[in-house]
Amino acid sequence: MKVKELMTSCPVTLNLYSKIQDLLKIYLKHSIGSVVVVDEDKKPIQIITLRDLPKIFYSQPSPENISETLKKLNKDKNSLITISSENSFNEALYLMKQFNISHLPVVDTNKKLSGILSLKDIIKNFPEVIWIDPLTGIHNRAYLDFFKN
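Residues numbered from 1 in each chain as written. Predicted model: local features only at pLDDT ≥ 70, side-chain atom pairs only at ≥ 80, totals over all residues. Heavy atoms only, no water.

## A look at the environment of I47
Next, step 1: Position of I47 relative to the elements: it lies in strand β4 (residues 44-49).
Next, step 2: With relative accessibility at 8%, the residue I47 sits in the buried group.
Next, step 3: Separated by 74 residues in the primary sequence, I47 and D121 place their C-alpha atoms 17 Å from one another.
Next, step 4: Residues within four places of I47 in sequence aside, it is in contact with S34, V35, V36, D52, K75, L80, H103, P105 and I116. (Helix = DSSP H or I, 4+ residues; strand = E, 2+ residues; numbered from the N terminus. Buried < 20%, exposed > 50% of the residue type's maximum accessible area, 1.4 Å probe, protein only. Contact = heavy atoms within 4.5 Å.)

Structure (structure tokens):
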């Protein structure tokens, strides 16, 4: 299965010059776990997740825009991990596990943002991913531990 079959298209985005208030409004309005920061060509620069919000709002002085926010979070523009929409679902899971991330921006052949793949959506739509061993095809230890009571 390819990433494009599982991703959420049209992820919520902001640019570097968006106000920090815009970020807060987005999280209050949408039930999402991340916002992708994009440049003027819609190429992803970085991602801000729910886990980042306490760091942002408790920092002093408070950042005014997304560019300042990324600096406060020590998020380098070159550190964003993305995946192509043509990659396999297993490659996406491997990246998420390797880098301990729950949201993976998906890019097209021109490196423009085309969607986002979140662990929450994967588990919601394909719960067997967390219960089935990919090599043997049978239930794994997590399944046994969860259902032993």
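## Looking at the sheet that holds strand β5 (residues 83-84)
Next, step 1: Spatial strand order, β1-β7-β6-β5: 4 strands in an open sheet with mixed pairing. Two strands lie at the open edges of the sheet, namely β1 (8-9) and β5, each paired on one side alone. (Pairing = 2+ DSSP bridges.)

## Section: the side chain of S85
Next, step 1: By secondary structure assignment, the location of S85 is in the loop between β5 and α4 (89-99).
Next, step 2: Not counting residues up to four positions away in its chain, the partners in contact with S85 are K2, V3, K4, V106, V107, D108 and S114.

## Structural notes on the pattern of salt bridges
Next, step 1: In this structure the tally under the stated criterion is 3 salt bridges.
Next, step 2: Put simply, E86 and K4 hold a salt bridge, and the shortest N to O gap is 2.9 Å. Taken together, the positions of E86 in the loop between β5 and α4 and K4 in the segment before β1 put the pair 82 residues apart, joining distant regions of the chain.
Next, step 3: Exposure remark for K4: the relative accessible area of 42% places this residue in the partly exposed category.
Next, step 4: Residues joined in a network through salt bridges with shared partners are D52, K55 and K75. (Salt bridge = Lys/Arg side-chain N within 4 Å of Asp/Glu carboxyl O.)

## Description of α4
Next, step 1: Among the residues of α4, F89, A92, L95 and M96 are the ones counted as buried. Taken down its axis, α4 places every buried residue within 125 degrees of arc, on the same side. Exposed residues pointing more than 90 degrees away from the buried face of α4 are listed as N90, Y94 and K97. (Arc of directions from axis to C-beta.)

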